[in-house]
Amino acid sequence: MKIAVSGAAGRMGRRIIAFAHEHPAAEIVGALENEGNPSLGKDVGELAGIGTIGVSVTDDVDKVVAACDVLVDFSTPEASLAHAKAAASAGKAIVVGTTGFSPTQKDEILDVGRSTRFLMAPNMSMGVNLLFDLVDRVARALGDEYDVEIVESHHRLKKDAPSGTAVKLAEVIAQALGRDLSSVGVYGRKGMVGERTPQEIGVMALRGGDIVGEHTVMFATNGERVELIHRAHSRDAFAKGALQAALWLVSRPVGVYDMQDVLGLKADK
Ligand code: NAD
């Protein structure tokens, strides 16, 4: 599989390059960064800390898309949308790990994705995808008697809030409880906000230091609470998941997929 990485000089991009380089079924053929990025022209292996691999970072989207079977994109919502359009018109597969899409951007990228092999997931780790499944089951079992709150913590450099994973957790719970997240989602609290309504789903974002990513989902009622927690210790679980997704996607029919498909977590739904 010929793989190209967009956001190649970023925190995720560099780890994906390192894992792809080690994988016998993957060949790195392209590394994309934005125009004017200081990494342009540098060997992407050097940036990833694995030594020279003969692939220079470029901002030439068409050239990179033409060379690859699958583009793995961990950049920005605007860039991922543009790259998805380029990959779709060239008939190439694309894996999008970027988060922070506005609802309009998300609709647009999913629309573009329908014409190619397209996979998008706000979190590519096995543990978090299992957590999506678990919170669905817990929410259905506990029902409306339990207040649901989500707390996420990430490093100080993260740009979007709440995290894509926290948003997805809230979506899964809202769906399990038959609620409309756009009306019941509460993103932070300040001032005289009044008593908590039973329907609301609170989503709180903490930022600091080098925290890779932590998500706690709390179901609380009088007398007890259940907490489900995922802690990422490094970016490796996401990067390995992204590579696994790319290897899986290249041999699938045209369609829109997510990480639950890759990990076989949809089988019993
Ligand atoms: P980062 O800021 O370290 O890296 C992003 C990279 O994208 C930067 O190097 C930036 O220069 C580059 N970029 C910007 N515009 C570009 C363009 N037009 N073309 C190509 N590259 C461009 O961020 P990060 O921590 O690597 O995270 C990247 C994204 O992935 C974020 O949205 C983050 O939330 C998300 N993320 C997803 C998962 C997951 O499992 N799905 C895990 C971690 C992070």
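Please read these numbers as outputs of a predicted model, since none were measured by experiment.

## Focus: the overall build of the protein chain
Moving on, step 1. Regarding its fold elements, the protein chain presents 10 helices and 12 strands.
Moving on, step 2. In summary, the protein chain has a C-alpha radius of gyration of 19 Å against a globular reference of 18 Å for 269 residues, a match within 12%.
Moving on, step 3. Seen along its three principal axes, the alpha-carbon backbone of the protein chain occupies a region of about 60 × 40 × 30 Å.
Moving on, step 4. Considering the protein chain as a whole, with its 269 residues, one finds that 50% of them fall into the buried category.
Moving on, step 5. Partitioning the intrachain contacts of the protein chain with sequence separation of at least 6 by distance along the chain shows that 68% fall at a separation of at least 24.
Moving on, step 6. Accessible surface, the protein chain as shown: approximately 12800 Å² in total, 50% of it carbon and sulfur.
Moving on, step 7. When the 29 positive and 35 negative side-chain charges of the protein chain are each reduced to one mean point, those points stand 2 Å apart.

## Considerations on the sheet that holds strand β1 (residues 2-6)
One key point about sheets: their strands pair by backbone hydrogen bonds, in either a parallel or an antiparallel sense.
Moving on, step 1. The strand order across the open sheet formed by seven strands is β3-β2-β1-β4-β5-β6-β12, and the pairing between neighbours is parallel. Across the chains shown, the open sheet's two edge strands, defined by having one partner strand only, are β3 (57-58) and β12 (255-257).
Moving on, step 2. Packed onto the sheet, helix α5 (residues 103-113) meets β5 (93-96), β6 (117-120) and β12 and runs at close to 150° relative to β6.

## Let's talk about the layout of surface pockets
Where empty space is left becomes clear once a probe the size of a water molecule has been rolled over the atoms.
Moving on, step 1. The computed volume of the largest pocket comes to approximately 960 Å³.
Moving on, step 2. Around the largest pocket, the lining is made up of 43 residues, and of these R11, M12, F74, S75 and T99 lie nearest the centre.
Moving on, step 3. Put simply, the parts of the chain that give the lining of the largest pocket at least two residues each are α1 (11-22), α4 (77-89), α7 (164-176), β10 (213-221) and β11 (224-232).
Moving on, step 4. Looking at the lining of the largest pocket residue by residue, the class counts come to 13 nonpolar, 21 polar and nine charged.
Moving on, step 5. For the lining of the largest pocket, the two domains that each supply at least three residues are domain 1 (2-120 + 235-262) and domain 2 (126-232).
Moving on, step 6. A volume near 720 Å³ is recorded for the second largest pocket.
Moving on, step 7. Looking at the second largest pocket, it is lined by 32 residues, and the ones nearest its centre are K106, M120, G164, V167 and E171.

## Focus on the domain arrangement of the protein chain
Moving on, step 1. The domains assigned to the protein chain are domain 1 (2-120 + 235-262) and domain 2 (126-232).
Moving on, step 2. Of the residues lining the interface, nine residues belong to domain 1; the matching set on domain 2 comes to 11 residues.
Moving on, step 3. Buried surface at the junction of domain 1 and domain 2, summed over both partners, amounts to about 820 Å²; 45% is from carbon and sulfur atoms.
Moving on, step 4. Sorting the residues of domain 1 by area buried against domain 2 places R11, R235 and Q260 first, and these three jointly supply 50% of that buried surface.
Moving on, step 5. Linking domain 1 to domain 2 there are one salt bridge.
Moving on, step 6. Connecting domain 1 to domain 2 are three residue pairs in polar contact (both at pLDDT 80 or more).

## Section: the sheet that holds β10
Moving on, step 1. Taken together, the five strands give an open sheet; going across it, the order is β8-β9-β7-β10-β11, and neighbouring strands pair in mixed fashion. The open sheet terminates on both sides in strands that have one partner only, identified here as β8 (185-186) and β11.
Moving on, step 2. Bridging between β10 and β11 involves nine bridges; their strand directions are antiparallel. Within β11, the position partnered with V217 by the bridge is L228.
Moving on, step 3. Strands in contact with helix α6 (residues 126-142) are β10 and β11; relative to β11, the strand with the most contacts, it is inclined by about 170°.

Procedures and definitions
- Residues numbered from 1 in each chain as written.
- Predicted model: local features only at pLDDT ≥ 70, side-chain atom pairs only at ≥ 80, totals over all residues.
- Heavy atoms only, no water.
- Helix = DSSP H or I, 4+ residues; strand = E, 2+ residues; numbered from the N terminus.
- Rg over C-alpha atoms; globule rule 2.2 N^0.38 Å.
- Buried < 20%, exposed > 50% of the residue type's maximum accessible area, 1.4 Å probe, protein only.
- Contact = heavy atoms within 4.5 Å.
- Areas by Shrake-Rupley, 256 points an atom, 1.4 Å probe, with all protein chains shown as cover.
- Lys, Arg positive; Asp, Glu negative; His and termini not counted.
- Charge placed at Lys NZ, Arg CZ, Asp CG, Glu CD.
- Pairing = 2+ DSSP bridges.
- Axes fitted to C-alpha atoms, helices over the stretch in contact; angles between N-to-C directions.
- 1 Å grid on protein atoms, 1.4 Å probe; cavity = no way out; pocket = protein on both sides within 12 Å on 5 of 7 lines; lining within 4 Å.
- Points joined across faces, edges and corners; volume = space filled by probe spheres on them.
- Nonpolar A, V, L, I, M, F, W, Y, C, P; charged D, E, K, R; others polar.
- Domains from an automatic or database assignment.
- Buried area = accessible area lost by both parts, 1.4 Å probe.
- Salt bridge = Lys/Arg side-chain N within 4 Å of Asp/Glu carboxyl O.
- Polar contact = N/O pair within 3.5 Å; in protein donor to acceptor, adjacent residues only side chain to side chain.

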